[in-house]
Structures are given as structure tokens and as C-alpha cells.
Amino acid sequence: MLPSPPPSASRIAPRLALMLVLAGLAAWLAGPAARAAHAGSYVVYSCQDPTGAPASTSSWSFQFTDPVTDTHDDSCPRGGVHVALKAGVTHPSTADARMYFWAPDNTVITSYTLWRSAKVAAGTPYWFSAMERYGLDWRWAGTGCKGTTNNCSAVGNPSTPLADANKFSRTPPTPVTGIALYVSCGNDNAGTTACPATSPVAAETWLHRADITLADDSKPSFTTTPVGGLVDATAPVSGTASVSLLASDKGGGLTQAMVEVDGTVVTSQPLGGAGACATPYTARTPCPLNASATIPLDTTTLDDGTHQVRVLLQDAGGNTTAWGPVTLTTHNAPPDESCNPDPAVGADVAGVGLNTGLLLLGSHSTGIGPARVTLRYATKKLASVTGQVNAVDGTPLDGAGVCVVWRPEGTTAPLSELARVTTDPAGRFSVAVPRGSSREIFAIYRTPAGAVTARTVVRVIPRLTIKPSHRSLRNGQLLALRGTLSGGPIPSRGVLVTAEAWRGTRWQPFEQTHARGSSGSYRVSYRFVGTHGVQRYTLRVRVAAQAAYPYLAGVSKRIHVRVHG
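Residues numbered from 1 in each chain as written. Predicted model: local features only at pLDDT ≥ 70, side-chain atom pairs only at ≥ 80, totals over all residues. Heavy atoms only, no water.

Caption draft 1: Broad picture of the overall build of the protein chain. Each helix and strand counted, the protein chain has 2 helices and 38 strands in total. Here the protein chain holds 565 residues, and 47% of them are scored as buried. In the protein chain, once contacts between residues fewer than 6 apart in sequence are set aside, the share between residues at least 24 apart is 72%. As presented, the protein chain carries roughly 25700 Å² of accessible surface, and 53% of it is formed by carbon and sulfur atoms. (Helix = DSSP H or I, 4+ residues; strand = E, 2+ residues; numbered from the N terminus. Buried < 20%, exposed > 50% of the residue type's maximum accessible area, 1.4 Å probe, protein only. Contact = heavy atoms within 4.5 Å. Areas by Shrake-Rupley, 256 points an atom, 1.4 Å probe, with all protein chains shown as cover.)

Structure (C-alpha cells):
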């Protein structure tokens, strides 16, 4: 929540001279410590960034004594953010119009540069000033123009937005919590004299660009302990392993999570997504204050053996928090062990047996699950492929290298490698199956005589969403149903989607379309023309199993629309 709004200009004026003296005294008393470097900081740009590209002005707020006689507009980046007391209007002594920038919670403003300009009616009590907020107190920032002082009529020139004459750079003697540009009436007359109607200007100010440096001294934190194979020291890992985490921050927000191995960052993942959480920053709080991430690492890029792993968090201010280290042991298959199942797919070779199954993630079973499982496309990981390598006499093989490969179910597509793993002393191995389409999964153990393989199948029901354009409409109106079909790959010609209505004993198709593109979006329309009275229709959309789309059939949730005849 923002602090309370700044006081009116008329309440600032009687204390202005005293504030200036106290500000100078505070700076003298504070000495060098007041300007000490902060642990972290970031810069927020408004109107234009350093490259000249447009920058959002959404971090600035506005306040007016009288919205009828005060105004504001925004012509950034070619002009600027503009507030004004309207010309040709008599303004009471309490009138003011302002724009202001608050430092987010847990941050302060240590320095700033404003490209600003202003005009006031010379010889009148109209006034322009820049102000800074110290705690609950607003103080003059050292730039202004009062019409009754030397007939001042302007600061800078709004027609040349980024000219040096408009540039005002400032490092406050102590950090501040807000800055403001405002125009007002009556700041030197204790609220006793109105400001006359003048033309073509009364008082107005522009912000053409702002570079505001915020100190962010709060380090990010781990909300929960990181988990996953990458930070589990109890067993060797091979292939791709991951770490999952929840994180939080105070200040500018979270930017990225990183995995460090033996003192070197080997992989990272953004936590803020695209948009505002990318430099140059244009928002007061540019990045999320809470985030989650799962970071995978291909452990075949590491030498087999033990490694020290840390997980790092970084925020917008550049502050970093580390968790760990923990010891990671990698054990990947030797380079000469191939994932090619030929020449003996499914056969026992040299007295070795291999079997596999599927276990849902989180299952507490220690046995091998079914060789076929049907799941919904909904979670980050579908299941775990669990297997065991034994000699013919049942003796488990410890340290056996197993390659796990897959391809879309029902196709002859080339096999893609999922992971290389090594069996434990019980001859067992387990590999997480990422979210995706229906697929065949093969586990392959090679011997000098060939390959021993086992096969298992994951079948996936796609996720189909539906959203109506109206929940209530009249006969003759058009209803549009929109949604997405989750899960790729989507074939180039699209996936057939059928819209259906419940007819009491069966679902009746009434319209068809195709879900297309990488997002699998669809739109289907239907015009009601035969409804009498008030009817409540139950609708859904459905996809059938299709040869080019490696998923089972799926349906959306049911929705209800009311049609008035």
C-alpha cells in the first residue's frame, strides 16, 4: 500500500524556509555515512530509457486539489507527463496539481535525474517546485520557479525535452521515500490570496524523462528448502536431474535462480518472465516478489564423481542468496554405451533380464508398476519409469548402465533419449517422465552380445479448456466458444474440435473447428435461431483420438448458457 498522499502545497509553504535549514543541518550531521554505498540497487526509467526507447510512466501517480480546474496528460516519449493548473481560471490559494513517484516498500531513493520543465505566470503567486519526501515530511529539492520572485516564468523548455536546460540531477543528503513535481498557488501567502485567471498559462510542469536509483538492501530468501535429484545427496544421479524451489523477496523482486557446481554457475532460470522484469526497468517493483522454479541440469556435462552444488537466488537489486552446498555424485553411462536397441529388441542376451513399469510420481510402492498407464495432461511430471536389471538367476546387477528412450506412441519415429541411468545395488533405476504426449518408452541395457530392452507405454488425455462469449443471450444472437488444447505437437492442419450439446440422453454435435498453432487455440461459433421461452443449454467441446495427434480423446468441462426466446 502506498503511504498517505503528499500534503497540499499550502501546508508545505509556511515551513519551507525552516525545512531548508534543517535539511542542510541533517546533511552536515550525517556526514559521509549518509552517502555510503548500498548493498544493492536498481534504476527505474520513465518516459524514455537510456536507448531512447519508450518507457512506461505507470510508476507515477497524480493528485489534484480540484480535478475540474486541474489537468494532466501524457505524450511520452516525444513530449512528457504534464500536469497543470488550467489557464483562464481563478485558482484558490490551496490549489495544486502534482505528479509523484513512491519508493516501493523496503526500498529508498538514493539519487535521481529528471528532465523537467515548467511555466508559470510571471508576477503572480503561481509556483513550480520539485520536492522530496523524508519519512512523512516533504521538502524542497532545490529547483523551482515562483512568479513573484524576479518575475520567474519558466524552468527549462518543454519544446526541447532532453536539452541540458531541462536536466536536474540530485543525490539527496539522506535517502528519500518519494519525489514529486508540482505546481500550485499561494505557497508564499499563507493561504490568504487566490491566484488570478491568466493566459496563456497559469502554472504547468512536464516530466520528459526520469532515471531513479532505488536502494534495495533486502536479500531474496528461499520459502522452502530446495528439493530434487540435483540436491539429493543420498544417491548418485545420471542424465538430467533437477531442483525445485519456492522463493520470495522484498523490494524490487526476484530475477533469476541459478545452479552453481564447484563454484561455477552452470545453468539458470528467469523468475520474472518477460515484460517489466527485464532491464532497463520501467516499473517501481519490476519483478515478482514470490516465484517458483524447476531447474534441470544435464549431468552428462559434468565429470563422473562428486561435486559441490549450491542454489542461488538473485533479485532486481543484484542481491544474491545461496543455499547449500550439498554433495552431488554423478554416474553417467560410458560414452561407448549406445542407446540403440538393435539388434535384439525385447530379447534376453547373455543371461540378463530387464523389466520396466510405470509408477505415478509420489507413489510409495517399492515394486514395479503397470507397463501401461493413462494420465491427464495436467502436471509438470507425468510419472516415473521404474525398472530392474537382473541376471537370469534373479541376482540384481549393481552399477548397470541403462539408457531410457522414447517416441510418440503408434509411430515409427526415431527414438529420442530421455536419460542415462545407473542401477543401484538392488539393480533398480528410476527416471521421471516429463509432461508431454502419449509415448512408448524403452529401457535399454547393452551387453557385448547386443541389447536387452523392456517397453512401457504412457497414454495421455489432453487438457481442453472452454470459455463462452456470453452466459446469457437472446434467440438470434451469436455464441462464441473459445479455448485451448494443451499439449503438443499440434499438427500443421490442426486438431479437429467438436462442440456438443446435451440432449437429455446423449451429446449432440452442433459445430466443428480446428485447434491450431503452438498454443492449440480454437474458436467455434453458433447462432441460436429456434429457441422458444427460456432454455438452459449444457455445452462442451470434445477432441477424438486422431492419427496425427499423439493423445487420447478428451473433453472439456461442461458449461451452461441461458437463451431467451
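Text resumes after the structure shown.
Caption draft 2: Here's a closer look at the sheet that holds strand 15 (residues 240–248). Across the sheet, which stays open at both edges, the 3 strands sit in the order 14-15-18 with antiparallel pairing between neighbours. The open sheet is flanked by strand 14 (221–222) and strand 18 (290–298), the only strands paired with a single partner. (Pairing = 2+ DSSP bridges.)

Caption draft 3: Structural view of the state of the cysteines. Across all of its chains, the model carries 4 disulfides by this definition. The disulfide partner of C47 is C76, and the S-S distance across this bridge is 2.0 Å. Sign of the S-S torsion, about -110 degrees for the bond between C47 and C76, identifies this disulfide as left-handed. Of the two residues, C47 is situated in strand 1 (residues 41–48) and C76 in the loop between strand 4 (70–74) and strand 5 (81–85); the sequence distance between them amounts to 29 residues. Judged by relative accessible area, which is 22%, C76 ranks as partly exposed. Through a disulfide, C145 is tied to C152; the S-S separation comes to 1.9 Å. Between C145 and C152, the S-S dihedral sits near -125 degrees, and the bridge is therefore left-handed. Given a relative accessible area of 3%, C145 falls into the buried group. (Disulfide = S-S within 2.5 Å.)

Caption draft 4: How the structure looks around the pairing of strand 8 (residues 127–134). The element strand 8 is extensively covered by neighbouring structure, given that 8 of its 8 residues are classed as buried. Two strands pair when backbone bridges link them, and strand 8 and strand 9 (residues 137–146) are joined in this way by 7 bridges, in the antiparallel orientation. By the bridge assignment, Y134 is partnered in strand 9 with D137. Note: strand 8 against strand 12 (residues 178–184), 7 bridges, orientation antiparallel. Bridging across to strand 12, F128 finds its partner in V183.

Caption draft 5: Representation of the pattern of salt bridges within the structure. Applying the stated rule across the entire model yields 10 salt bridges. E440 is the partner of R407 in a salt bridge, and the nearest nitrogen-oxygen pair spans 3.3 Å. Remark: E440 occurs in strand 27 (residues 439–447) and R407 occurs in strand 24 (residues 401–408); sequence separation between them is 33 residues. The partner of E409 in a salt bridge is R459, with the nearest N and O atoms 2.7 Å apart. (Salt bridge = Lys/Arg side-chain N within 4 Å of Asp/Glu carboxyl O.)

Caption draft 6: Examining the packing of aromatic side chains more closely. If you walk through the whole model with that rule in mind, you get 13 aromatic pairs. Among the aromatic residues, those joined into a cluster by ring pairs are F510, Y526, F528 and Y537. If you follow R98 out to its NZ or CZ, it ends over the ring of Y182, 4.9 Å from the centre. Here the guanidinium or amino end of R139 rests over the ring plane of Y134, the centre of that ring lying 4.2 Å away. (Phe/Tyr/Trp six-rings, centres within 6.5 Å; stacked < 30°, edge-to-face > 60°. Lys NZ or Arg CZ within 6 Å of the ring centre and 35° of its normal.)

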